[in-house]
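What follows is each chain in one-letter form.
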Protein chains: 2
Amino acid sequence: MTEKTIPYKIYLEESEMPTAWYNLRADMINKPAPLLNPDTLKPMTAEDLAPVFCEELIKQELDDQTPYFEIPKEIHDFYKMYRPAPLVRAYCLEEKLQTPAKIYYKFEGNNTSGSHKLNSAIAQAYYAKKQGLKGVTTETGAGQWGTALSMACSYLGLDCKVFMVKCSYEQKPFRREVMRTYGASVTPSPSMETEVGRKILEKHPGTTGSLGCAISEAVEAATNLDGYRYVLGSVLNQVLLHQTIIGLETKAALDKYDIIPDIIIGCAGGGSNLGGLIAPFMREKIRGEKDYRIIAVEPASCPSLTRGTYAYDYCDTGMVCPLSKMYTLGSNYIPAANHAGGLRYHGMNPILSQLYHDGLMEAVSVKQTEVFAAAQEFARVEGILPAPESSHAIKVALDEAKKCKETGEAKTIVFGLTGTGYFDMYAYQKFNDGTLTDYIPTDEEIEKGLSGLPQIG
Amino acid sequence: MTEKTIPYKIYLEESEMPTAWYNLRADMINKPAPLLNPDTLKPMTAEDLAPVFCEELIKQELDDQTPYFEIPKEIHDFYKMYRPAPLVRAYCLEEKLQTPAKIYYKFEGNNTSGSHKLNSAIAQAYYAKKQGLKGVTTETGAGQWGTALSMACSYLGLDCKVFMVKCSYEQKPFRREVMRTYGASVTPSPSMETEVGRKILEKHPGTTGSLGCAISEAVEAATNLDGYRYVLGSVLNQVLLHQTIIGLETKAALDKYDIIPDIIIGCAGGGSNLGGLIAPFMREKIRGEKDYRIIAVEPASCPSLTRGTYAYDYCDTGMVCPLSKMYTLGSNYIPAANHAGGLRYHGMNPILSQLYHDGLMEAVSVKQTEVFAAAQEFARVEGILPAPESSHAIKVALDEAKKCKETGEAKTIVFGLTGTGYFDMYAYQKFNDGTLTDYIPTDEEIEKGLSGLPQIG
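Keep in mind that what you see is a predicted model, and the values were worked out from it rather than measured. (Residues numbered from 1 in each chain as written. Chains lettered and ligands numbered in written order. Predicted model: local features only at pLDDT ≥ 70, side-chain atom pairs only at ≥ 80, totals over all residues. Heavy atoms only, no water.)

Draft legend 1. Up close: the relation of the copies chain B and chain A. Structural alignment of chain B on chain A gives an RMSD of 0.0 Å, achieved by rotating through 180° and translating 0.0 Å along the axis. The transformation relating the two chain copies, once decomposed into turn and shift, fits a two-fold axis. Measuring from the rotation axis to each C-alpha of chain B, the shortest distance belongs to Asn110(B), at 3.1 Å. (Least-squares fit on C-alpha atoms with pLDDT ≥ 70 in both.)

Below, the structure written as structure tokens:
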């Protein structure tokens, strides 16, 4: 064994924490396509977005020039409660795998929301508060985002209304209770509380909901309530911006020990955690300073990058949100009922979509039974029971580490461990019982989803 | 506001981690009374204990002279996966309370077992493995200990059989699934698998179990299986020894910033976390070097220190374990059915019992509705949803900080935040719904429990 001069956990000092978020768009040669107004099909303006989003967040959403946005002191102080997050050297995993690879993971699960979502939740809640709003509305699928937002809102004294995808509401009662403990109201979606919810229920009476539908309800609720705005936990550029705290900390920690990764891996649903993790590395790649392999991992049952199309599409089922150019499976696409975790969004963040389109990033899809097997393998040696979402990245990290064992290459692998699986034990139970199954959509199903895309130049 | 030169989280470097556990008994003037053999009523010898416990652990259990036990390298390496644990300065809580008090908490929840229990689980599993055993048996109540042990056993390749108190097994299915994910077998107790279980079921067919009963089953299972020993997550001196890693780290972190606490607070069930936290501070107090206020907090529904008797008693309901001199409510005492969390053991660790008897420590009991209210208040500003057990310490820490607000004293308060409440949402749900209730046993109930005490000099 080599001398372990690198600790098990690399913690930055508070003074070394990033003081600004990094806006990757500023360095992109091909900028992501603008959001379009669904009525006019013209690029969304700040005015168009003002009824739905907070002012400062709109600025961040539309700005593709400013390279850094300073993190306000209040947010920075909140970050200090649970950050810096550790960059962990997976010594135990390396030994178990008998691989020459050096494996690192950035662990974002050491807070009660159980994931990286809190990084953007506090930012969005802060700007809402600063604007003098009463509260915010949002949707949540797996539940991490709703939990994170309820924590941020309770901290700042904002009201928080969460529309929770119905199947998740039923399978994860304890996620709901965490949100309630933090003072949020939680409504299963689709609900009778919104017009769009009532329409969907009329059309599909037995539906257990989808993320796209919950988004539509939350947007409608925000626009109908005085002093409320809508906030979103992924997909948007502003969210990816806030999540760059992950990548900036990761890079600072690696730099401290002169470590240069060969491969960077993250799971991809809406794309914000992956985008946040890779942003400072992608900057160097775009500028030709370094050449990293960057891998997005998505579920085989919701394969927007690997089987979707790069086109303008609606962000939500109700078609009330802006149109976004992205890799998409169509806004009506809903993963099969046996899909257990999050990562169930039909589209992908526009920045990541553009980078993937430009060949700067790879994407692979993996089946959920192999994902849970990887999760269990990881949990048993690294002591952390990972979220199903994060375990997509684990699966591919394990695969790459095993390849290194075969080839004898001592590659350095960094992956994002976005959260813990403590509220996902229903899915783990299925895995433990051997009743968890896979589903790979047929070509016909994919085509059906894509056939509904709006026809835009 | 004063200059924040002390960071939000004080992390020790890996090189600053304690390399030995501290045996408080070595410095005690009045040593704890010896365990007695229940058949002969003579002090237990290593030979007496060998069929039940591992050899090295027996040495640690019986030794009241050796001040330090070196932490084996394998255990130290495992500790590095999730330790050092942060000592957190509760700046947000202080600001919320507008108190001049300085509040710190040692947070042990950043691992999948969700608590400090892993500190002793890995030690006990390590010694079992070193002795060449096949596996271990244990009981678990709230579930943290069973989870921690299953993690440690899976890491070392040991079999792990857990008897889980039936009401907990039913209310916490997800705790069970975490243990299964780590490869443990989990049996609701009382069960038909042991003679003592069958007897108890015959006598009390509808019982939802108790910790004392689950201990009896686990001990019986260990002695009947070839290559197995029994391990216990609290109460024993060996467990308190391993948990001194908490206090040693806390003291090292405080010393780094020249902080001297005025009050040290911990929750007390079996007593091992509290004993571990206070050990190095109590050493100074015994030696007359410092004078700390040390407060044990226990549930009003299971008040062994505040309403029990200091006497020899059985450690388990089945009366198969050694007799221990301790503060006890009687081995048949079972907290009322509405008691939600752990801290439901009828007795108290012998070291703590002696210290309390000698006036070196205070004890208070608190009601569970006020405990959950404190938990919620804490969660909303400090971002961590605490375990119900840990919240007993939070409740008293808040009380002391509020007193400081009244008197204007800037006392330094340190408390043990032993774990997270992520698997306790059933109890939080009751609290959120307003259906959580209190129970304070009557004097008659306490007397009834004590009337069953064995009559020993």
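Okay, back to it.
Draft legend 2. Broad picture of the pattern of salt bridges. Residue and element names in this part refer to chain B. What the rule picks out here adds up to 56 salt bridges over all chains. Here Lys 80 and Asp 77 are joined by a salt bridge, their closest N and O atoms 3.4 Å apart. Linking Lys 80 with Asp 77, this pair stays in helix H3 (residues 73–82), spanning 3 residues, or about one helical turn. This pair shows no difference in class: Lys 80 is buried, exactly as Asp 77 is. (Salt bridge = Lys/Arg side-chain N within 4 Å of Asp/Glu carboxyl O. Helix = DSSP H or I, 4+ residues; strand = E, 2+ residues; numbered from the N terminus. Buried < 20%, exposed > 50% of the residue type's maximum accessible area, 1.4 Å probe, protein only.)

Draft legend 3. Up close: the interface of chain B and chain A. Listed by partner, the interface residues are 44 residues for chain B and 44 residues for chain A. Between chain B and chain A, roughly 4,100 Å² of surface is buried when both sides are summed, and carbon and sulfur atoms account for 56% of that area. Sorting the residues of chain B by area buried against chain A places Phe174(B), Thr181(B) and Tyr422(B) first, and these three jointly supply 17% of that buried surface. Taken together, the connections running from chain B to chain A amount to 2 salt bridges. For Asp433(A), the salt bridge identified is with Arg180(B), shortest N-O distance 2.8 Å. Looking at the side of chain B that touches chain A, the elements that each hand over two or more residues are H3, helix H6 (144–156), helix H8 (173–181), helix H15 (368–382) and helix H17 (425–433) of chain B. The residue makeup of the side of chain B that touches chain A, split by class, is 21 nonpolar, 10 polar and 13 charged. (Contact = heavy atoms within 4.5 Å. Buried area = accessible area lost by both parts, 1.4 Å probe. Nonpolar A, V, L, I, M, F, W, Y, C, P; charged D, E, K, R; others polar.)

Draft legend 4. Fine view of helix H12 (residues 272–286) of chain A. Residues and elements named next belong to chain A. Along its length, H12 reaches its greatest deviation from straightness, about 55°, at Ala 279, and the proline Pro 280 lies no more than four positions downstream. For H12, a buried count of 14 out of 15 residues is recorded, marking the element as mostly surrounded by other parts of the structure. Following H12 by one or two positions, Gly 288 has its phi on the positive side, about 75°. (Bend = angle between axes of the 7 residues up to and from the residue.)

Draft legend 5. The nonpolar core, seen in detail. With 216 residues, the main nonpolar core has Trp21(A), Ile265(A), Met361(A), Phe415(A), Trp21(B) and Met361(B) as its most contacted residues. Among the nonpolar cores identified, the runner-up in size contains 28 residues, and Val366(B), Ala374(B), Phe378(B) and Cys404(B) belong to it. (Core = buried A, V, L, I, M, F, W, Y, C linked by side-chain atoms within 4.5 Å.)

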